[in-house]
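Here is what each chain is made of, one letter per residue.
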Amino acid sequence: INLIPRFDDVTDGQVLVDGRDVREVSLKELREKIGYIPQKGILFSGTIESNLLYGIDSGSYEKTELEKRMDKAAEISQAMEFIREKPEGFNSPVSQGGTNVSGGQKQRLSIARALVKQPEIYIFDDSFSAIDYKTDSMLRKALKSELGDSTLIIVAQRVSTIMDADQIIVLDNGTIAGKGTTEELLETCEVYREIASSQL
């Protein structure tokens, strides 16, 4: 995952985005295409709004456009429910590191921040782990219906999170143990079968 936004570079082979080697594209241009959501949701001191707008140049947009983007992102990420409960809504304070919100809320706000950016590629680096199964399911449905044209790369340890993916890559101790859809992997990949049967 770190090879795509070039947090690390390949030592062999190449990583292509839109058919271009990521090393031949400026970091700024490359990272503008990517919405990266880490496993550990990172929030900054400020407000919910300042955190959601962190990844974009908000001066380039009308206020109404920013509000629309934040509303939609909060709905898709399943964060709107707890934002609405706060008297100050999007202006509610967030402490450094997000210590005044739960782990699941922090992850949903991190996802919302990436959604506000509206990138071409979303990388969810095990960013559903602190979210309960019901919210996870609603979030995935919303992502599927709203982000049809985007590329979604999801790293997950829960089979339910990635079951509907177009392509699943099963890693076992750093090597690819299987590749395909859920149906194909249940037939051909023992590692996937074991994980699926232990979780489902």
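Everything numeric here is computed off the predicted structure, so don't read it as measured data.

Engineer: For the pattern of salt bridges, give the residues involved together with the corresponding values.
Structural biologist: A side chain of one charge can pair with a side chain of the opposite charge when the charged atoms of the two come close. Counted under the stated rule, the structure contains 12 salt bridges. Linking Arg20 and Glu29 is a salt bridge whose minimum nitrogen-to-oxygen distance equals 3.2 Å. With a shortest N-O distance of 3.1 Å, Lys72 and Glu146 are connected by a salt bridge. Placement of the pair is Lys72 in helix α3 (residues 63-76) and Glu146 in helix α6 (residues 133-146), with a sequence separation of 74 residues.

Engineer: Explain the sheet that holds strand β6 (residues 121-125) to me, using residue names and the numbers behind them.
Structural biologist: Reading across from one edge, β3-β6-β7 is the order of the three strands in this open sheet, with parallel pairing throughout. Each edge of the sheet is formed by a strand with only one pairing partner; in this case those strands are β3 (34-37) and β7 (151-155). Here the average twist between neighbouring strands, direction ignored, is 10°. In this sheet, β6 lies alongside β3 in parallel orientation, the contact comprising four bridges. Bridging from a neighbouring strand, Ile34 pairs with Ile121 of β6.

Engineer: Can you lay out the nonpolar core for me, pointing to particular residues and giving the numbers?
Structural biologist: Ranked by internal contacts, the top residues of the largest apolar core, which has 32 residues, are Leu52, Ile83, Phe90, Leu109, Leu115 and Leu143. For this core, the secondary structure elements donating two or more residues are α2 (48-52), α3, α4 (80-85), α5 (103-117), β6 and α6. Beyond its immediate stretch of four places on either side in the chain, Ile83 contacts Ile48, Ala74, Gly89, Phe90 and Leu109. Of all hydrophobic cores here, the second largest spans 10 residues; its members include Ile4, Val15, Leu30 and Ile123.

Engineer: Could you give an account of α3, with specific residues and numbers?
Structural biologist: The terminal C-alpha atoms of α3 lie 20 Å apart, and with 14 residues this matches the ideal 20 Å at 1.5 Å per residue to within 8%. Along α3, the residues that are buried comprise Leu66, Arg69, Met70, Ala73, Ala74 and Ile76. Buried residues of α3, seen end-on, are gathered within an arc of 160° and therefore sit on one face of the element. Opposite the buried face of α3, at more than 90 degrees from it, the exposed residues are Thr64 and Lys68. Looking at the buried positions of α3, the neighbouring elements they touch are α2, α4, α5 and α6. Looking one or two places after α3, you find Gln78, whose phi comes out positive at around 65°.

Engineer: Account for the pairing of strand β9 (residues 175-180), with residues named and values stated.
Structural biologist: Sheet topology note: the strand β8 (residues 168-172)/β9 ladder contains five bridges and is antiparallel. Residue Leu171 lies in a different strand from β9, and its bridge partner there is Ile176. As consecutive antiparallel partners, β8 and β9 are separated by two residues, and within that stretch Asn173 has a phi angle of approximately 50°, a positive value.

The rules we used
Residues numbered from 1 in each chain as written. Predicted model: local features only at pLDDT ≥ 70, side-chain atom pairs only at ≥ 80, totals over all residues. Heavy atoms only, no water. Salt bridge = Lys/Arg side-chain N within 4 Å of Asp/Glu carboxyl O. Helix = DSSP H or I, 4+ residues; strand = E, 2+ residues; numbered from the N terminus. Pairing = 2+ DSSP bridges. Axes fitted to C-alpha atoms, helices over the stretch in contact; angles between N-to-C directions. Core = buried A, V, L, I, M, F, W, Y, C linked by side-chain atoms within 4.5 Å. Buried < 20%, exposed > 50% of the residue type's maximum accessible area, 1.4 Å probe, protein only. Contact = heavy atoms within 4.5 Å. Expected span 1.5 Å × (residues − 1). Arc of directions from axis to C-beta.

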